[in-house]
Amino acid sequence: MPTKTKQTDHPTKTQQTVEDIIDRYKAAYPIIWVKTEEYARTIEILHGRFLAENANAEKVIKERFPKAAEDEKEREKVPMGLRPKQIFHWDAINGLVNVTNQNERCERVFPPPPKKEGGPQPEPPAWAHILAWAGHLKTPTVPAGSIVLVNGFHNLLAGAGAHDHGRVRAAISQIIQPSLRKVEGEIRRGLREAESFRTVIIVGPKPDHPALSPDIMTYLEIIDFPRPSEDEITNMIEVQLGDRKTAAGKGITEDKEEVTACARELKGTTVFQSENAISLTYIKKRELDRATLRRQYKAIMELHPALTLAEYKETWEDLVGFELYKKFIDAIFHPKQAHRALKGVLFVGPPGTGKSHSAKATGGHLGLKTIFCNFGRIFNKFIGSSEENTESLFRSIDACGRAVVFIDEIEKALGGIGKGGGGDSGVGDRVMQQTLTWMNDHDSGAFIIATANDPHILPPELLREGRWDCIFNVPPPNAKQRVALAKLYSGKAGLKVDAAAIGERTDMWVGAEIKGLMEKAEVFRLASKSDEDALETAFSFVRPMIVSDKDRFMARVEKSAAQGVSVNREEVAADTSFDLPPVDRRRSLED
């Protein structure tokens, strides 16, 4: 069933994309390929928009040619460009259907059966289906000025083998050439009636089939169709609630703030996925329930091999020694900075210093979803798959809108790229280029937080000034911070120990090692006379990196210090310190 929507006060990204498609249709583009995974929704929206164009055309005709509504001869005097257009749908099951004429099915044109004597006849090859379908466009069945919305064309392409590519290209040329000849004729006559040709709008995934050769691709206009915006999901929820309230005859949550919050939880899903999630929460709770929606969103997100909706327990208050970073985050997310396009931050430093902790705590502090990105999983052994996975990854991130995207140990995926060798046939370089392009150009509101233990192996172009909002160095905690960490983790373990003494004994220890020390002391307390005895036993079980791997550890500390600004406010120049008035982060992001 068609999805009901409500009008919004400002155009959504979907509406803007639809207008782009309409403009290209009017500009005489023969084939428009709309790239999407929501085939039915896309065709439904485009169909509705073209029907609206036809209704507007009828109004213009009544105003400018009043006799044309009743006299067929007078109607023929109406310029072709002003007349309503015939709209056709095509798919492999129903064939060609004229949806402007009460869904009248056109005469089916089937491929000629393969010649084979005796036995069952094989299914005609994909190229024959395409050739037969293209034949419709050369008959009066599809008059000049028609729009043909095509669903499932990619399935025909998928069925074409390598030996069929030439025939497939010939079939596609039959779709293109009638429109091209018409357009050329219109241009030669100098007429401004671009709507008098046939336009084919193909809805499907990215057109990357080998049969689509460069000469064919020059005639294709490829447009990305976005997933529903937050406003569209809000409208969908309100419509569903209205329908259910009418059916149930009793109260259902209608709080606008709650509806908006639920829409924000579902941002990045398809309409079908959103509708299912809303239906589930209604069945389970008889009202909107954000916890249920978040669980559904997490399950949907995990359909992508490299993305996971993260639910971390780390808090902003437990982030010890990151004073400058905290001030920086509050500054760039301040409402007065709303005009800035945020890029993200990169944390560099040895393991265990709190880089991942800070990334996990940032999402909760800002009131944003945190998405864990396993960047290494985009690489695949098949030709072209890694690049396709990278494009899909960034498309999914963009669809999520405002969110914190956490990439842990980014050097394991991108380290060493661009330093020669050629062992991956250039795949790494192409993935890196896609990544840099997206980082520069995206405007979805995604805020990247990446960590690196060994930043010196990252490509220089990833570390240059302007690529990130800031690169932060996370050194081992100083004496004051070690005391604070000892108090924090001993308190969580219920230990009564001398935090100041622990701070003195843990010089050059990192936060994870101090935390591990307290956790072991908590375990040994069960067999010790006192907490101090348990702590002494725990010290003998911890081997800090400054002892076990001193040279490598110190090399990481020194190289990281050369790459970024210290997160510790006490270790930077006074002029980099700044103060801001307290801000309600969740409230400011919603304004």
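Fair warning: this is a prediction, and the values are worked out from it, not measured in the lab. (Residues numbered from 1 in each chain as written. Predicted model: local features only at pLDDT ≥ 70, side-chain atom pairs only at ≥ 80, totals over all residues. Heavy atoms only, no water.)

1. Concerning the overall build of the protein
Right, so step 1: A count of helices and strands for the protein gives 24 helices and 14 strands.
Right, so step 2: Burial analysis of the protein (591 residues in total) assigns 48% to the buried set.
Right, so step 3: Relative to all contacts within the protein whose residues are 6 or more apart in sequence, the contacts with residues 24 or more apart total 77%.
Right, so step 4: Of the roughly 30,100 Å² that the protein leaves accessible, carbon and sulfur atoms contribute 51%. (Helix = DSSP H or I, 4+ residues; strand = E, 2+ residues; numbered from the N terminus. Buried < 20%, exposed > 50% of the residue type's maximum accessible area, 1.4 Å probe, protein only. Contact = heavy atoms within 4.5 Å. Areas by Shrake-Rupley, 256 points an atom, 1.4 Å probe, with all protein chains shown as cover.)

2. Notes on the sheet that holds strand S9 (residues 344–348)
Right, so step 1: Reading across from one edge, S8-S10-S11-S12-S9-S13-S14 is the order of the 7 strands in this open sheet, with mixed pairing throughout. Looking at strand neighbours, the two that pair on one side only are strand S8 (307–310) and strand S14 (565–566), the edges of this open sheet.
Right, so step 2: The sheet contact formed by S9 and strand S12 (residues 446–452) spans 5 bridges and is parallel. Across the sheet, residue valine 345 finds its bridge partner in S12, namely isoleucine 449.
Right, so step 3: Across the sheet, helix H12 (residues 323–332) is in contact with S9, S12, strand S13 (470–473) and S14; its angle to S13 comes to roughly 165°. (Pairing = 2+ DSSP bridges. Axes fitted to C-alpha atoms, helices over the stretch in contact; angles between N-to-C directions.)

3. Overview of empty space enclosed by the protein
Right, so step 1: Tallied over the full model, the rule gives 1 cavity of 30 Å³ or more.
Right, so step 2: Surrounding the largest cavity, Phe375, Phe394, Ile407, Ile410, Thr435, Trp438, Met439, Ile448 and Trp468 form its lining.
Right, so step 3: Grouping the amino acids of the lining of the largest cavity by side-chain chemistry returns 8 nonpolar, 1 polar and no charged. (1 Å grid on protein atoms, 1.4 Å probe; cavity = no way out; pocket = protein on both sides within 12 Å on 5 of 7 lines; lining within 4 Å. Points joined across faces, edges and corners; volume = space filled by probe spheres on them. Nonpolar A, V, L, I, M, F, W, Y, C, P; charged D, E, K, R; others polar.)

4. Focus on the side chain of serine 274
Right, so step 1: With respect to the helices and strands, serine 274 occurs in helix H10 (residues 271–285).
Right, so step 2: Setting aside anything within four residues of it in sequence, one finds serine 274 in contact with Ile233, Met236, Leu266 and Thr269.

5. Section: the pattern of salt bridges
Right, so step 1: One pass over the full model with this rule turns up 24 salt bridges.
Right, so step 2: The partner of aspartate 454 in a salt bridge is arginine 556, with the nearest N and O atoms 2.8 Å apart. With aspartate 454 in the loop between S12 and helix H17 (460–463) and arginine 556 in helix H23 (residues 550–561), the pair connects residues that are 102 residues apart, well separated along the chain.
Right, so step 3: According to the relative accessible area criterion, aspartate 454 is buried, its value standing at 14%.
Right, so step 4: Given a relative accessible area of 11%, arginine 556 falls into the buried group.
Right, so step 5: A salt bridge links glutamate 536 to arginine 505, with the shortest nitrogen-to-oxygen separation between them at 2.6 Å. (Salt bridge = Lys/Arg side-chain N within 4 Å of Asp/Glu carboxyl O.)

6. Some remarks on helix H14 (residues 385–400)
Right, so step 1: Given a rise of 1.5 Å per residue, 16 residues ought to cover 22 Å, and the 23 Å separating the end C-alpha atoms of H14 matches this to within 8%.
Right, so step 2: Backbone geometry just downstream of H14 places glycine 401 in the positive-phi region, at approximately 70°. (Expected span 1.5 Å × (residues − 1).)

7. Some thoughts on the environment of leucine 488
Right, so step 1: Structurally, leucine 488 is set in helix H18 (residues 479–493).
Right, so step 2: Take leucine 488: its relative accessible area is 19%, and that puts it in the buried class.
Right, so step 3: As a C-alpha pair, leucine 488 and alanine 499 span 11 residues in sequence and 9.3 Å in three-dimensional space.
Right, so step 4: If sequence neighbours within four positions are ignored, leucine 488 has contacts with Asp318 and Val320.

8. Thoughts on the packing of aromatic side chains
Right, so step 1: Counted according to the given criterion, the structure contains 16 aromatic pairs.
Right, so step 2: Centre to centre, the rings of tyrosine 325 and phenylalanine 472 are 5.4 Å apart; their planes meet at 90°, and the pair counts as edge-to-face. Remark: phenylalanine 472 occurs in strand S13 and tyrosine 325 occurs in helix H12; sequence separation between them is 147 residues.
Right, so step 3: Residue class for tyrosine 325 comes out buried when judged on its relative accessible area of 0%.
Right, so step 4: A ring pair is formed by phenylalanine 328 and phenylalanine 472, whose centres lie 5.4 Å apart and whose planes are at 80°; its orientation type is edge-to-face. A residue pair is termed long-range when its members are at least 10 positions apart, and phenylalanine 328 in helix H12 and phenylalanine 472 in strand S13 qualify at 144 residues.
Right, so step 5: Judged by relative accessible area, which is 16%, phenylalanine 328 ranks as buried.
Right, so step 6: Among the aromatic residues, those joined into a cluster by ring pairs are Trp316, Phe322, Tyr325, Phe328, Phe347 and Phe472.
Right, so step 7: Positioned over the ring face of phenylalanine 539 is arginine 505, at 3.8 Å from the centre of the ring. (Phe/Tyr/Trp six-rings, centres within 6.5 Å; stacked < 30°, edge-to-face > 60°. Lys NZ or Arg CZ within 6 Å of the ring centre and 35° of its normal.)

9. Here's the deal with the side chain of histidine 304
Right, so step 1: Assignment of secondary structure puts histidine 304 in the loop between helix H11 (290–301) and S8.
Right, so step 2: Contacts of histidine 304, omitting those with residues within four sequence positions, involve Asn389, Ser392, Leu393 and Ser396.

10. Brief notes about the pairing of S9
Right, so step 1: Buried residues dominate S9, accounting for 5 of its 5 residues.
Right, so step 2: Judged from the 4 bridges that link them, S9 and S13 form a sheet pairing that is parallel. The residue of S13 that forms the bridge with phenylalanine 347 is phenylalanine 472.

11. Describing the packing of H14 against helix H16 (residues 427–441)
A pair of packed helices can be characterised by two numbers: the angle between their axes and the separation between those axes.
Right, so step 1: Where H14 meets H16, the closest approach of the two axes is 9 Å, and the angle between their N-to-C directions is 20°. Our classification of the angle between H14 and H16 gives roughly parallel. For the element pair H14 and H16, the recorded crossing hand is right-handed. Every residue of H16 that contacts H14 at Ser386, Glu387, Thr390, Glu391, Phe394, Ile397 and Asp398 is listed here: Val427, Arg430, Val431, Gln434, Thr435 and Trp438.
Right, so step 2: Here the contact of H14 with H16 is composed, by residue class, of 5 nonpolar, 4 polar and 4 charged. (Parallel < 35°, antiparallel > 145°, perpendicular 65-115°, else oblique. Left-handed = near helix turned anticlockwise from the far one by under 90°.)

12. Things to note about the packing of helix H20 (residues 511–524) against helix H21 (residues 531–539)
Right, so step 1: Remark: H20 packs on H21, axes separated minimally by 8 Å, with the N-to-C direction vectors making an angle of 125°. It follows that H20 is oblique to H21 by the angle criterion. Regarding H20 and H21, the two cross each other, and that crossing is right-handed. Residues Leu517, Met518, Lys520, Ala521 and Phe524 of H20 lie in contact with H21, whose contacting residues are Ala534, Leu535, Thr537, Ala538 and Phe539.
Right, so step 2: A class-by-class count of the residues in the contact of H20 with H21 yields 8 nonpolar, 1 polar and 1 charged.

13. Here's the deal with the environment of isoleucine 201
Right, so step 1: Within the secondary structure layout, isoleucine 201 lies in strand S6 (residues 199–204).
Right, so step 2: The exposure class assigned to isoleucine 201 is buried, which follows from its relative accessible area of 0%.
Right, so step 3: Separated by 21 residues in sequence, isoleucine 201 and isoleucine 222 have C-alpha atoms that sit 10.0 Å apart.
Right, so step 4: Sequence-distant contacts of isoleucine 201, that is, excluding residues within four places in its chain, are made with Ile21, Ile32, Val34, Leu46, Phe50, Ile147, Val148, Leu149 and Val150.

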